[in-house]
Amino acid sequence: QVQLVESGGGLVQPGGSLRLSCAASGGIFSIAAMGWYRQAPGKQREWVAAITSGYSTNYADSAKGRFTISRDNAKNTVYLQMNSLKPEDTAVYYCYADVRASARDSYLYYWGQGTQVTVSS
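First, a word on what this report is: a plain description of the structure on this page.

How each quantity is defined
Residues numbered from 1 in each chain as written. Predicted model: local features only at pLDDT ≥ 70, side-chain atom pairs only at ≥ 80, totals over all residues. Heavy atoms only, no water. Helix = DSSP H or I, 4+ residues; strand = E, 2+ residues; numbered from the N terminus. Buried < 20%, exposed > 50% of the residue type's maximum accessible area, 1.4 Å probe, protein only. Areas by Shrake-Rupley, 256 points an atom, 1.4 Å probe, with all protein chains shown as cover. Pairing = 2+ DSSP bridges. Axes fitted to C-alpha atoms, helices over the stretch in contact; angles between N-to-C directions. Salt bridge = Lys/Arg side-chain N within 4 Å of Asp/Glu carboxyl O. Disulfide = S-S within 2.5 Å.

### Looking at the overall build of the protein
Here's step 1: In terms of helices and strands, the protein carries 0 helices and 11 strands.
Here's step 2: When its helices and strands are written in sequence order, the protein yields β-β-β-β-β-β-β-β-β-β-β.
Here's step 3: Over its C-alpha atoms, taken along the principal directions, the protein stretches across nearly 50 × 25 × 25 Å.
Here's step 4: Here the protein holds 121 residues, and 43% of them are scored as buried.
Here's step 5: Accessible surface computed for the protein: about 6,400 Å², of which carbon and sulfur atoms make up 47%.

Laid out in structure tokens, this is it:
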């Protein structure tokens, strides 16, 4: 069973930085896209950034210039480096991965449990 485990959330002051990590484990043959969503209190889940297996990246406008997504394919891990954090970045951040369990299987999306990021002075 594929599992995604996130780490790196916490409390940070405005202007500060955090680095989130998300490691995938279990029955993994290959991983295509990996990425991050976030959900602030009372708001819908919002896509933040994504990265392909070939390291192509895309960002939401709110993340451009401040956040950097990267991945280590050997470790099945995706990272989100967040700089110049603002109070409006406060949310639960969820990672996802598009995983194929074997050469015969289709890709399926899996999600992490979420990690809280709070930006406050």
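From this point on, the discussion continues.
### Notes on the sheet that holds strand S3 (residues 18-25)
Here's step 1: Pairing is antiparallel in the open sheet, where 4 strands are placed in the order S1-S3-S8-S7. Because the sheet does not close on itself, it has two edges, and the strands there are strand S1 (3-7) and strand S7 (67-72). The sheet shows a mean angle of 15° between the axes of neighbouring strands, taken without regard to direction.
Here's step 2: Across 6 bridges, S7 lies against strand S8 (residues 77-82) in antiparallel orientation. Paired with Phe67 across the two strands is Met82, which belongs to S8.

### Looking at the pattern of salt bridges
Here's step 1: As enumerated under the stated definition, the model contains 4 salt bridges in all.
Here's step 2: Arg38 is paired through a salt bridge with Glu46; the nearest N and O atoms lie 2.8 Å apart.
Here's step 3: Asp89 is paired through a salt bridge with Arg38; the nearest N and O atoms lie 2.9 Å apart. Highlighted residues: Asp89 in the loop between S8 and strand S9 (91-100) and Arg38 in strand S4 (residues 30-39), separated in sequence by 51 residues.
Here's step 4: With a relative accessible area of 0%, Asp89 lands in the buried category.

### Some words on the state of the cysteines
Here's step 1: Overall, the coordinates contain 1 disulfide when judged by the stated rule.
Here's step 2: The disulfide partner of Cys22 is Cys95, and the S-S distance across this bridge is 1.9 Å. Taking the torsion about the S-S bond as the criterion, the Cys22 to Cys95 disulfide, at about 50°, is right-handed. With a gap of 73 residues between them, Cys22 in strand S3 and Cys95 in strand S9 connect regions that are remote in the sequence.
Here's step 3: The class of Cys22 is buried, set by a relative accessible area of 0%.
Here's step 4: For Cys95, a relative accessible area of 0% corresponds to the buried category.

Any functional reading would require information beyond the geometric quantities listed.
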